[in-house]
Structures are given as C-alpha cells and as structure tokens.
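Report on the structure
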Amino acid sequence: MSSEIAKMIDHTLLKANATTGQIKKLCEEAVEYGFASVCINPGYVAQAAELLEGSQVKVCTVIGFPLGANTPETKLFEAEHAMQLGARELDYVLNVSQVLNNRMDLIEHEMKLFAGLRDNVCKPVIKVILETCYLTEGQIVEVCRLAKKTNLDFVKTSTGFGPAGAVAEHVRLMRRTVGQALGVKASGGIRSQEDARAMIAAGADRIGTSAGIEIVSGA
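Residues numbered from 1 in each chain as written. Predicted model: local features only at pLDDT ≥ 70, side-chain atom pairs only at ≥ 80, totals over all residues. Heavy atoms only, no water.

**Quick notes on helix H2 (residues 20-33)**
The end-to-end C-alpha distance of H2, which contains 14 residues, comes to 20 Å, matching closely the 20 Å that a straight helix rising 1.5 Å per residue would cover. Among the structural elements, strand S1 (9-13), strand S2 (37-40), helix H3 (45-52) and helix H10 (212-217) are those in contact with the buried residues of H2. The first or second residue beyond H2 is Gly-34, which carries a positive phi of 75 degrees. (Helix = DSSP H or I, 4+ residues; strand = E, 2+ residues; numbered from the N terminus. Expected span 1.5 Å × (residues − 1). Contact = heavy atoms within 4.5 Å.)

**Some words on the pairing of strand S3 (residues 58-63)**
Within a regular strand, side chains alternate between the sheet's two faces. Of all six residues that make up S3, five are buried, and the element is covered over most of its length. Note: S2 against S3, four bridges, orientation parallel. Within S3, the position partnered with Cys-39 by the bridge is Cys-60. For the crossover from S2 across H3 to S3, the handedness is right-handed. Bridge count between S3 and strand S4 (residues 89-93): four bridges; the pairing is parallel. By the bridge assignment for S4, Cys-60 is matched with Glu-89. (Buried < 20%, exposed > 50% of the residue type's maximum accessible area, 1.4 Å probe, protein only. Pairing = 2+ DSSP bridges. Right-handed = clockwise from strand over helix to strand, strands pointing away.)

**Examining the packing of aromatic side chains**
Counted according to the given criterion, the structure contains three aromatic pairs. Here the aromatic rings of Tyr-33 and Phe-35 are separated by 5.7 Å at their centres, their planes lie at 10 degrees, and the arrangement is stacked. Judged by relative accessible area, Tyr-33 falls into the partly exposed class, the value being 33%. Under the relative-accessibility criterion, Phe-35 is labelled buried at 2%. The ring centre of Phe-154 lies 5.9 Å from the NZ or CZ of Lys-127, which sits over that ring. (Phe/Tyr/Trp six-rings, centres within 6.5 Å; stacked < 30°, edge-to-face > 60°. Lys NZ or Arg CZ within 6 Å of the ring centre and 35° of its normal.)

Written out as structure tokens, the structure is:
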C-alpha cells in the first residue's frame, strides 16, 4: 500500500527560504520513492525540469500562490511562463474573496481561462485550490460544480498557508460533488501515513505534502 500511496503524492517544498540544494534533494527523493510530482514555487521550475528530465516524476508548480488575489490575466501569464519553463501540472489558487462576494461568474471566467491552457501542446494538468477553511459547505459544492462544468482536472483543498488545511469531511464533500469526473487533491497538514490514508478513504486521489517520505515509510 505504501508504494500505491507514493504514486499519489506531490512531494512539496513551497517555503519562502527554499534553496537550490533543497530543490535538488526534493527531486532526487521524488525519483527514488516514485512520487507523482514535485510541487515547487515557479522560480524553481526550470531547475526541477532539468533534474527530472527522463523520469516519470512531473514538475508541478503553484500559480497565484498563496492568496489567489491576483487578476485572472496575471495568473494566466504566470501559468503560461511556468509551462514554458517545464511545468506540467499547475495548482492555481482561486480568488477566495470573489467566492465570499458571491461573484461566481468571475470564478467561472477564471476557470475557463485555465481550462484553455490544456490546448497547449504539453497539455498541463490543472488543479484549482479552494482554500476550504474559508468556505461554507455550500460554497465548496458550488465551486466544485463550476470546476466540473469547466472541465478542470482536480479540485484541491488548501494551500497549506491558511489557518487550517485538509479536512476529511471536505474531501468527502468534494468527491461526492465532482464524482469521478475530476480528481481530488488533499493538501495542508497531512504529515503521517494515518493522515494520508484518512484522506484517501475520504476520496482523495492525490496528496500534497512535504512529509512524503515519512508517509510512505510509516514513520
């Protein structure tokens, strides 16, 4: 089961003080353990793409991170540039404020822009980060329905920078809403194999964590 969990893990390093040496180590670990991807800030995409060339590990980066408060056009430019540098999975933060403002038309517009990125020859995987700790269950459902409507690839719980991370009940709700049409990524505060198994049982098929090695080793 540990090897199966490894294939679901986005091996993550998003700290502001991350160094090139730490990124190199992250990539080496991802290859060694068979993780799905490394998830890093855009400034390290080129380095990671070079280090992972020829491997099965994808380069995942974050867009509009961690607040999601940039304009859609700014996020789109950031995403396109990241793809040029070698990113193949894009985890973008939606504008939580616009959800709270009940401007779901703006949320849908942004989703459509990101869905359009898959017309690119590299066909990136698009994950939208909801930051569920700020949302009601009704708002989570509404955002997930829009993600399904606009044909994104994943809905994701959290950035890990909010006041709370992934909650199994939210993962279960997200899975129930999107069915099997989209993936569900649980991220934020997942530190142990027990945590990961709980999220998978709730419906997650991708886990974002900086504790990937501890999870697969059961430490």
